[in-house]
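Inside the fold
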Amino acid sequence: MSRKTLNPENVPELEAIARQSSADIVTMTTLAASGHPGGSMSTIDILLYIYATANVSPAWKPDRDYVVISNGHVSPAVYCTLAANGFFNRKDAISQFRLAGSIFEGHVEPDVPGVEWASGNLGQGLSAACGFALASRMKKIDNHIYVIMGDGEQQKGQISEARRFAVKYKLNNITAIVDWNKLQIGGNIADVMPQNIQAGYEADGWHVVECDGHNFQSIEATMQEAASIDKPTVVMARTVMGKGVSFMENKAAYHGAPLKPDMLAEALKELEQPNLLEKYKVARSAFVSGKKQCEKPDRLIMNTGKPRTYDSKTDNRSAWGNALVDIADANACPIAVFDCDLAGSVKVNEFAEKHPEGFFQGGIMEHNTAVVAAAMSKAGILSWFADFGVFGVSETYNQHRLSDINKTNLKLITTHVGLDVGEDGKTHQCIDYLGVMRNLYNFNVIVPADPNQTDRIIRYIAKTPGNFLVPMGRSKLECICQPDGNSFFGDGYNFEFGKADLLREGSDAALFVMGTLAGRAVEISDSLAESGISLQVWNASCPEELNCETIRKAAATGLILTYEDHNIRTGLGSIVGEKIAETGLSVRFKISGVEDYAFSGN
């Protein structure tokens, strides 16, 4: 796509908007008595330039350019820029800034029209940009991806992961712009953590250019150069924190500190802008919360193919890999699968061989890979990220939390969870996956009991919007059968999200189980039956969704037990205990789970 150029005749108008925006920045942060005025003032010219030349508009367009704000604390500058471009009312953004119930939060959120990606945690924006760039390529959209970053943020390791990924996959339509004001909360960036930002990018294969970040002609010339280079490009924009107000300029104190009202008045005089603080106070006091999410989804309609039924012993990993290939074979629309150097173990190798155009090897860079996959899912690509549990859940929780806020559509598949990791040792035992992911409001956890249920679950999440984690062990499992010998989860079984499966009837006690141990629980029940003990067995494949009716039926036996290879403090047992308390049942209750880091082996 040929990019728009900046008409020199429009420069005076942009300069006037920049002055007004700087006044709005100091006003809204003073009004809220919090915020980040300094960096917002150093970034405003860059943002105004990008929105003047990029293919973005208030009307949603599938072929739009993407603008990712990685340093989300410069939200005042973002809101001013979007308001200036007609995305919403300027008065609303100023008067409602950092006000509870307003969409104009302290860090950018996707509830705001024009904001593609929430970013509070620094260092993730470039990864999101990579995801949007890959999604555009797979959808054959010719566009450009801009990502705004801070200079202190460059200390984050995930940015170096994203740099390498962008070069490997030739994401040459990415232009990163670093707000190079050389200050962060602790002072000069060189004092806080010395680094050579330009050399780091150059070493990873990026084209590096510099510009005056407060001169629109300089920005234009540099951006034109960046567009002509067949590489990902980073623009080091030399800026001044607090630009435009003499007593704020080059002062790290104003990174995250607003002006007091008397200092605001002085600042507005320097900017030659009216003082409207009292007017905005009135508007702020009249605000009534009515927050609405700004929906910008790309809807997917997937053919999930015909389920497979397994009769012989196999692992859930293989069942997942087979279902993935079936789904890819059945759909013309692009599917993306991400791996972190574990393709054979997490069973995405067959997909990689049959559909190489949709397979992305992220290397041992889990943080970047998690965000790239999630951003792709938000851009309308069915995206899968497969990894070992300790890497795909425990190590990348922060990334998934941000994706949860961004309401992505990520399908996270983790193998080697619980104690079922073979001989790898306790460092690889992901015994906290449920306890960790329960904290995320928009991530659904489904734990399959055997290969047949795994197959149906994978096909279910492929067609169902939302973030899903499907954790599974390493070992081969016998397929669970009904008492008559027929497969429980085979032909005729239809997975229903939230429904617990009654694997065995019983009257003396009820046992709740999930995942790898489900088959063993059935064996225990069958063995006890020979001794005249009737054990009811429930497979809680959706442990977070256990309902009161199920708990009441189990409690009618007089004894409820739980059985899991998960941390005893935060797993299935804790959920069952909560449900018992919620329903006010009087029943004996015993949890069995992992009480400490365990031995490893068969």
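Everything below is about the structure shown above.
Residues numbered from 1 in each chain as written. Predicted model: local features only at pLDDT ≥ 70, side-chain atom pairs only at ≥ 80, totals over all residues. Heavy atoms only, no water.

**Focus: the overall build of the chain**
Broken down by element type, the chain carries 22 helices and 20 strands. Each of the three principal axes of the chain carries a C-alpha extent, and together these read 90 × 50 × 45 Å. With 602 residues in all, the chain has 60% of them scored as buried. Considering only contacts within the chain whose residues lie at least 6 apart along the sequence, 79% involve residues at least 24 apart. (Helix = DSSP H or I, 4+ residues; strand = E, 2+ residues; numbered from the N terminus. Buried < 20%, exposed > 50% of the residue type's maximum accessible area, 1.4 Å probe, protein only. Contact = heavy atoms within 4.5 Å.)

**Quick notes on the sheet that holds strand β3 (residues 174-180)**
Spatially, 5 strands are ordered β1-β2-β3-β7-β6 in an open sheet, and the strand pairing comes out parallel. The open sheet has two edge strands with one neighbour each: β1 (66-69) and β6 (207-212). Here the average twist between neighbouring strands, direction ignored, is 20 degrees. Taken together, the 6 bridges between β3 and strand β7 (residues 233-238) define a ladder with parallel strand orientation. Looking across to β7, one finds that T175 is bridged to T233. This element, helix α5 (residues 125-138), spans β1, β2 (145-150) and β3 of the sheet and lies at about 175 degrees to β2. (Pairing = 2+ DSSP bridges. Axes fitted to C-alpha atoms, helices over the stretch in contact; angles between N-to-C directions.)

**A short note on the sheet that holds strand β14 (residues 467-471)**
The strands making up a sheet associate through hydrogen bonds between their backbones, and the pairing can be parallel or antiparallel. Taken in spatial order, the 6 strands line up as β10-β9-β11-β12-β14-β13 in an open sheet, and their pairing is parallel. Two strands close off the open sheet at either side, each with one partner strand: β10 (359-361) and β13 (443-445). Each strand axis lies, on average, 20 degrees off the axis of its neighbour in the sheet, ignoring direction. Where strand β9 (residues 335-339) meets β10, 3 bridges bridge the pair, whose relative direction is parallel. Each residue of the ladder has a partner; that of F338, found in β10, is F360. Of the strands in this sheet, β9, β11 (382-388) and β12 (410-415) are in contact with helix α12 (residues 316-330), which crosses β11 at around 160 degrees. Packing against the sheet, helix α19 (residues 451-463) makes contact with β11, β12 and β14, and its axis sits at approximately 165 degrees to β14.

**Some remarks on α5**
Helix length check: α5, at 14 residues, gives a terminal C-alpha distance of 20 Å against a target of 20 Å (1.5 Å per residue), a fit within 8%. Of all 14 residues in α5, 13 are buried; the element is thus mostly enclosed. Immediately downstream of α5, the backbone of K140 shows phi near 60 degrees, a positive value. (Expected span 1.5 Å × (residues − 1).)

**Remarks on the nonpolar core**
One broad rule of soluble globular proteins: the nonpolar side chains tend to lie buried together. Judged by nonpolar contacts, the single largest core of 129 residues is most densely connected at I174, F338, W384 and I461. In terms of residue count, the dominant contributor to this core is α5 (9 residues). In contact with F338, other than residues within four places in its own chain, are L134, F165, F360, T369, V372, A373, M376, W384, F385 and A386. (Core = buried A, V, L, I, M, F, W, Y, C linked by side-chain atoms within 4.5 Å.)

**Focus on unusual backbone geometry**
The backbone of A33 shows a phi angle near 60 degrees, a positive value even though the residue is not glycine. Residue position: A33 is located in the loop between α1 (11-32) and α2 (37-53).

**Focus on the packing of aromatic side chains**
Under the criterion given, the structure shown has 19 aromatic pairs. Judged by centre distance (4.8 Å) and plane angle (65 degrees), the ring pair of F488 and F489 falls under edge-to-face. Per residue, the accessibility class of F488 equals that of F489, and both read buried. Ring geometry for F489 versus Y493: centroids 4.8 Å apart, planes at 85 degrees, classification edge-to-face. Each member of the pair, F489 as well as Y493, is classed as buried. (Phe/Tyr/Trp six-rings, centres within 6.5 Å; stacked < 30°, edge-to-face > 60°.)

**Points about the pattern of salt bridges**
Considering all chains together, one arrives at 15 salt bridges under this definition. The shortest N-O distance in the salt bridge between R317 and D315 comes to 3.3 Å. For D315, a relative accessible area of 4% gives the class buried. As a salt-bridge pair, E578 and R438 come within 3.0 Å of each other at their nearest N and O atoms. (Salt bridge = Lys/Arg side-chain N within 4 Å of Asp/Glu carboxyl O.)

**Digging into the packing of α5 against helix α6 (residues 157-168)**
The N-to-C vectors of α5 and α6 enclose an angle of 25 degrees; their axes lie 8 Å apart at closest approach. Between α5 and α6, the interaxial angle falls into the category roughly parallel. Like other packed secondary-structure pairs, α5 and α6 cross with a definite hand, here left-handed. Contact residues: L126, S127, C130 and L134 in α5; Q158, I159, A162, R163, F165 and A166 in α6. Partitioned by chemical class, the residues of the contact of α5 with α6 number 7 nonpolar, 2 polar and 1 charged. (Parallel < 35°, antiparallel > 145°, perpendicular 65-115°, else oblique. Left-handed = near helix turned anticlockwise from the far one by under 90°. Nonpolar A, V, L, I, M, F, W, Y, C, P; charged D, E, K, R; others polar.)

**A short note on α19**
Taking 1.5 Å as the rise per residue, α19 with 13 residues should run 18 Å; its terminal C-alpha atoms sit 19 Å apart, in good agreement. Taken across its 13 residues, α19 has 12 buried, putting it largely inside the fold. Taken together, the buried positions of α19 are occupied by P451, N452, Q453, T454, D455, R456, I457, I458, R459, Y460, I461 and A462. Where α19 begins, the capping side chain belongs to D450, and its oxygen is found 3.1 Å from the backbone nitrogen of N452. (Polar contact = N/O pair within 3.5 Å; in protein donor to acceptor, adjacent residues only side chain to side chain.)

**A short note on the packing of α2 against helix α9 (residues 216-228)**
Following both chains from N to C, one finds α2 and α9 inclined at 55 degrees, their axes separated by 10 Å at the closest point. In terms of their interaxial angle, α2 and α9 are classed as oblique. Viewed along their axes, α2 and α9 form a crossing whose handedness is right-handed. Taken together, the residues of α9 that come into contact with α2 (itself represented by D45, I46, L48 and Y49) are F216, I219, E220 and M223.

**Let's talk about the side chain of T239**
When you line up the elements, T239 lands in the loop between β7 and α10 (261-271). A residue is classified by how much of its surface remains accessible, and T239, at 8% relative accessible area, is buried. A polar side-chain atom of T239 sits 2.5 Å from a polar atom in the side chain of D179. Contact partners of T239, with chain neighbours within four places excluded, come to S42, I46, D179, W180, N181, G213 and H214.

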